[in-house]
Each structure stands twice: as C-alpha cells, then as structure tokens.
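Summary of the model geometry
Given next are the chains, with one letter for each unit.
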Amino acid sequence: MTQSSAPQVLVSEVGPRDGLQSLKRVMPTAAKLRWISALAAAGLKEIEVGSFVPAKLLPQMADIHDVVAHALSIPGLRVAVLAPNLRGSQAAFEAGVHKLTLPVSVTDEHSMANIRKTTAQMIEEVRAIVALRDAQFPGIEIEAGVSVAFGCTIAGTVTDDQTMRMCLAMAECGVDEIGLSDTSGYANPVQVRRLFRRLQAEFGSKAGGAHFHNTRGQGLANVVAALDAGVTTIDASQAGLGGCPYAPGATGNIVTEDLVFLLEAMGHDTGIDVDALAAARAVLADALPGEALYGHVQDAGLPKGFRYADGRAPSAPQPEGCLLGDAQ
C-alpha cells in the first residue's frame, strides 16, 4: 500500500485514562486490556492507557502496571500515561512507557484542587522529573499538558499571557512538548486559533497538541480552529467518556468516532477505521453496562459514498439512502 499524500493528524486516545478515571465504577482489568487491543486494531497509534497515581485516590488506575505491560506488547502502539508527581513519573519511566504527560495548571486554584500543589511547586516538580528522565531514562518523551489553558471554572478568566507564561516555564524546565487543554470547556474557535498560533510562534517544535472538552458543545468547532492553526495531534475519548473531576461542570471529552469522521471527511489521514471503532465500543459497553456513551457517527453510520482521506472504502456496508422520516 502506498503512503497517503493526505495531511496526517494523530488522534491520541485518552479514554482509558481520562475517561475511566472520571467514572465512579472500576472497569475490570481484563476488559481494559480487550478495549485497548480493540482500539489499537482500529488504527489508533497512540493511547493514553492510564495514570500512575495512588490506588487509594484513583482505584480505577490500580492495575496500571498490568495495563502498561499489555499495551507495550501491542506492535506499533505508542504507549502514553499521565503522572502528577516525581514518584509517579519514576514508576512510569521504570514501566517503560513511551510518553509521559504531566498535568500543569495555569491557575493556582485548579492546581491545588487537581494535584494539591501550587503552580510554582508544580514547576519545580516538572524540573525534577525532567532531570530524572535525562539522567536515567533517556528517550522517553515528556509532555506538559497545560490545563485550564482557555479558562478555569474555579478561578474564572485565564488570559493568553497567563497561559503563555506557564508554557514558557515548561519550556525552561526542558519538556519535549507543550499541549494546551480546555479542561473547563471554556474555549471558542477564535481563542483556540489565536493561542495555538502564538504557542507555535513562541515555542516552535515544542508546540504540541490539543485536548478539548465538549462541555458547551464547542469541541469539534475548536478542533477545526486548531487544524487551521497547524495542530497535528488531537486528543479524544471513545464515546466521549471523561472530564476533569476537579473542574466543576467540565464533563465530556470529544468523541473519538466523531473526530475521526470529521478529520477524514476534511481530507486528513488518521489511519483509523471508523467501523472498527465499533468493535472497541462494544467492549466498552459490555464492561460498563448502563454507562452513558456519546457520539453521532455511531448512530448515523458513515454517509453513502464516503471515502477515507487515503482513498480507502469503509469496511462496513454504507446506507442505501436516508429513511423517509429523515428526508424532511
């Protein structure tokens, strides 16, 4: 198969971490492993499989070592995790992950609620984590996930300069990549385009991806704005699971299935098969009966005549036409 000439966008699946840690129930480990395998089989190349945090705080992540070991056995899968401190980061490094994301809040209010550290304390923590990586675990990528970058439910308005000051601190700490997260669902497309263009202008190759929540229905509109600004990595969660438990009201990641359809329809090659995502979604639904699952493409299917950006035809039959009740 020849390499696609379509522009490529990496969809980073965060459901096994951001999605599951937001639920009160615990997904059985065997089901997690099946889910991650199914996501990888659908073409996802990077999956954030969990968090290295104390099990007493997040029992949903108590099996993180088993989950990471399984994910690392999947050929070609880039295994990402989150850790909020030096101790968790060391455990992640020792587990052999490919990428570590550090949650760094722009506001003290969110930082204290999320990780019980001020922003100044977290900057020092990141500096120590990078030093440990450089000394003992070279080759593991460290991303600073800049939380509440577009606004904070607790503190309120966040200015562009506030966000950029935290990004500068992260660059000075030596992280490899700086991503912007709309933790509270405050972002709008104009703001997204402006901030990501500034991130790229000021930090060059360290400018990273986008993490949006659909709290106020702006998720996919913000994706389009990020694409306009040149962003090539977008986080998403299958079925829209997740949201920050320490940002009141900030429920709902953007839905992986809907995002992939949007990107492919716009001519961006993700390498992901939407129909194959249905198999992964089935694992999720079976393991979490009664849990609210979101998304439009799952219900509507792919439109007749749809082709992926690389020219592939859908793997499942396409509809013959709309139902009479829909043709109004």
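Cut-offs applied
Residues numbered from 1 in each chain as written. Predicted model: local features only at pLDDT ≥ 70, side-chain atom pairs only at ≥ 80, totals over all residues. Heavy atoms only, no water. Helix = DSSP H or I, 4+ residues; strand = E, 2+ residues; numbered from the N terminus. Rg over C-alpha atoms; globule rule 2.2 N^0.38 Å. Buried < 20%, exposed > 50% of the residue type's maximum accessible area, 1.4 Å probe, protein only. Contact = heavy atoms within 4.5 Å. Core = buried A, V, L, I, M, F, W, Y, C linked by side-chain atoms within 4.5 Å. Pairing = 2+ DSSP bridges. Phe/Tyr/Trp six-rings, centres within 6.5 Å; stacked < 30°, edge-to-face > 60°. Expected span 1.5 Å × (residues − 1). Polar contact = N/O pair within 3.5 Å; in protein donor to acceptor, adjacent residues only side chain to side chain. Salt bridge = Lys/Arg side-chain N within 4 Å of Asp/Glu carboxyl O. Disulfide = S-S within 2.5 Å. pLDDT = per-residue confidence, 0-100.

**Description of the overall build of the chain**
When you go through the chain residue by residue, the secondary structure sums to 12 helices and 8 strands. Computed over its C-alpha atoms, the radius of gyration of the chain comes to 19 Å, within 12% of the 20 Å expected for a compact globule of 328 residues. Residue burial in the chain is summarised as follows: out of 328 residues, 54% are buried. Put simply, 73% of the contacts in the chain that link residues at least 6 apart link residues at least 24 apart.

**Brief notes about the nonpolar core**
By size, the foremost hydrophobic cluster in this structure holds 97 residues, and its most contacted members are Met170 and Phe196. The greatest single-element share of this core, amounting to 7 residues, is contributed by helix H7 (residues 160–173). Once residues within four sequence positions are removed from consideration, Phe196 is found in contact with Phe150, Leu180, Gly208, Gly209, Ala210, Phe212, Ala229 and Val231.

**Things to note about the pairing of strand S2 (residues 46–51)**
Extensive coverage of S2 is indicated by the burial of 6 of its 6 residues. Here strand S1 (residues 10–13) runs beside S2; their pairing, made up of 2 bridges, is parallel. Considered in S2, the bridge of Ser12 is made with Glu46. Note: S2 against strand S3 (residues 78–82), 5 bridges, orientation parallel. Residue Glu48 lies in a different strand from S3, and its bridge partner there is Ala80.

**What about the side chain of Ser147?**
Of note, Ser147 is situated in strand S5 (residues 141–147). For Ser147, a relative accessible area of 8% puts it in the buried group.

**Some remarks on the packing of aromatic side chains**
The final tally for this structure, using the stated rule, is 5 aromatic pairs. Look at Phe93 and Phe137: their rings are 5.3 Å apart centre to centre, the planes differ by 35°, and that puts the pair in the tilted class. Taken together, the positions of Phe93 in helix H4 (residues 86–95) and Phe137 in the loop between helix H6 (119–136) and S5 put the pair 44 residues apart, joining distant regions of the chain. Judged on exposure class, the residue Phe93 and its partner Phe137 are both buried. Centre to centre, the rings of Phe261 and Phe306 are 5.5 Å apart; their planes meet at 40°, and the pair counts as tilted. Here the residue Phe261 occupies a position in helix H10 (residues 256–265), and Phe306 occupies one in the segment after helix H12 (297–300), the gap between them amounting to 45 residues. Among the aromatic residues, those joined into a cluster by ring pairs are Phe150, Phe196 and Phe212.

**Quick look at helix H11 (residues 274–287)**
With 14 residues, H11 extends 20 Å between its outermost C-alpha atoms, agreeing within 8% with the 20 Å of an ideal straight helix rising 1.5 Å per residue. Buried within H11 are the following residues: Val274, Leu277, Ala280, Arg281, Val283, Leu284 and Ala287. In this structure, the buried residues of H11 make contact with helix H2 (29–41), H10 and H12. The N-capping residue of H11, defined by a side-chain oxygen 2.9 Å from the backbone nitrogen of Asp275, is Asp273.

**Focus: the pattern of salt bridges**
Summed over all chains, the structure comprises 18 salt bridges. Between Glu46 and Lys99 there is a salt bridge, with its nearest N and O atoms 3.2 Å apart. Here the residue Glu46 occupies a position in strand S2, and Lys99 occupies one in strand S4 (residues 99–105), the gap between them amounting to 53 residues. With respect to burial, Glu46 and Lys99 carry one shared label: buried. Taking the shortest distance from any N to any O, the salt bridge between Asp310 and Arg312 comes out at 2.9 Å. On the basis of relative accessible area, Arg312 is assigned to the partly exposed category, the value being 21%. Each of Glu46, Arg78, Lys99, Glu141, Glu143 and Glu177 takes part in a single network of salt bridges with overlapping partners.

**A short note on unusual backbone geometry**
Even without glycine at this site, Arg116 takes up a positive phi of about 60°. Tracing the backbone through its elements, the reader meets Arg116 in the loop between helix H5 (108–115) and H6. Taking the relative accessible area as the measure of exposure, Arg116 reaches 65% and is therefore exposed.

**Focus: the state of the cysteines**
Any covalent bond linking the sulfur atoms of two cysteines counts as a disulfide. Summed over all chains, the structure comprises 0 disulfides. The cysteine Cys173 is free of any disulfide, with Cys167 supplying the nearest cysteine sulfur at 12 Å. A relative accessible area of 7% places Cys173 in the buried class.

**Regarding the confidence of the model for the chain**
Overall, the predicted model of the chain reaches an average pLDDT of 92, with 92% of residues at or above 70. Here residues 321–328 is a poorly scored stretch, pLDDT under 50, and it has 1 contact once near neighbours within four places are set aside; other chains count.

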